[in-house]
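# Coordinates in review
The lines below spell out each chain.
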Amino acid sequence: MEDDALAEDLRQAVGELVRAVRAADTMPSGGAAILGHLDRGGPQTTADLAHRRGVTHQSAAKSVKELLGDGLVRTEPHPSDGRKLLLHITDAGRTRLQRERALRAGWLGAAISDTLTPDEQRQLRDCVPLLTRLTARITER
């Protein structure tokens, strides 16, 4: 029972933290997420991206259309299925993604510096590998 309470407290705190950090975003979260997936995972189809993000194909396609219009992604024919297109992040897309990440990190870094003592900052730093391991366990499905 205590583990369930910890899990719920952690879920709520991390969710609120993510939403607060996203306030720094200058682009829609769907577009930023797609750029992030393309940057980390390489070329993918819209269907692949929808599946990875847990959204509908229609929702992913809308974000992709906006990214294409802004020159942040480009398409090329799928090598084994001519009916599909592979999406690639462009240099402009990578630059925009890096700017978004820097804004988020800047906001979070400032909040950490302004709010936590040096000892609390060390404690938080020690938690990062634990959170990384939890994320890896959850996403290994």
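Residues numbered from 1 in each chain as written. Predicted model: local features only at pLDDT ≥ 70, side-chain atom pairs only at ≥ 80, totals over all residues. Heavy atoms only, no water.

Looking at an unreviewed UniProt entry, one finds the protein named MarR family transcriptional regulator and attributed to Streptomyces rapamycinicus.

### Looking at the overall build of the protein
For clarity, the cut-off: Here a strand is any run of E in DSSP of at least two residues, a helix any run of H or I of at least four, and the numbering for each starts at the N terminus. Here's how the labels work: a residue is buried when its accessible area is under 20% of the maximum for its type, exposed when over 50%, partly exposed in between, all with a 1.4 Å probe on protein chains only. In these tables, accessible area is a Shrake-Rupley quantity obtained with a 1.4 Å probe, and a residue counts as shielded only by the protein chains included in the view. This count recognises Lys and Arg as positive and Asp and Glu as negative, with His and chain-terminal groups excluded. Where a charge lies is defined by one atom per residue type: Lys uses NZ, Arg uses CZ, Asp uses CG and Glu uses CD.
Summing up its helical and strand segments, the protein has 6 helices and 2 strands in all. Counting from the amino terminus, helix and strand elements in the protein follow one another as α-α-α-α-β-β-α-α. Taken over the C-alpha atoms alone, the protein extends approximately 55 × 35 × 20 Å along its principal axes. Here the protein holds 141 residues, and the buried ones make up 24% of them. Carbon and sulfur atoms make up 55% of the accessible area of the protein, which totals about 10000 Å². Taking the average location of the 21 positive side-chain charges in the protein and that of its 20 negative ones, the two points are 7 Å from each other.

### Examining the side chain of E100
Spelled out, the test is: The contact criterion used throughout is that any non-hydrogen atoms of two residues lie within 4.5 Å.
Among the structural elements, E100 can be located in helix α5 (residues 91-115). With residues up to four places along the chain from it excluded, the contact list for E100 reads D25, T26 and M27.

### Regarding the confidence of the model for the protein
Parts of the model with low pLDDT should not have their predicted coordinates read in detail. Note the threshold: pLDDT is defined as a per-residue confidence score from the predictor, taking values between 0 and 100.
Averaged over all residues, the pLDDT of the protein is 93; the fraction at 70 or higher stands at 99%. Mean pLDDT per element in the protein: helix α1 (residues 2-21) is the minimum at 91, and strand β1 (residues 73-77) is the maximum at 97.

### What to know about helix α4 (residues 57-69)
Applicable threshold: Multiplying 1.5 Å by the helix residue count minus one yields the expected span of that helix. By arc we mean the arc of the directions from the helix axis to the C-beta atoms, nothing more.
For α4, spanning 13 residues, the distance from its first C-alpha to its last is 18 Å, which sits close to the expected 18 Å at 1.5 Å a residue. The set of residues buried in α4 consists of A60, S63, V64 and L67. Down the axis of α4, the sector holding all buried residues measures 105°, keeping them to one side. Structural note: α4 exposes Q58, K62, K65 and G69 on the side pointing more than 90 degrees away from its buried face.

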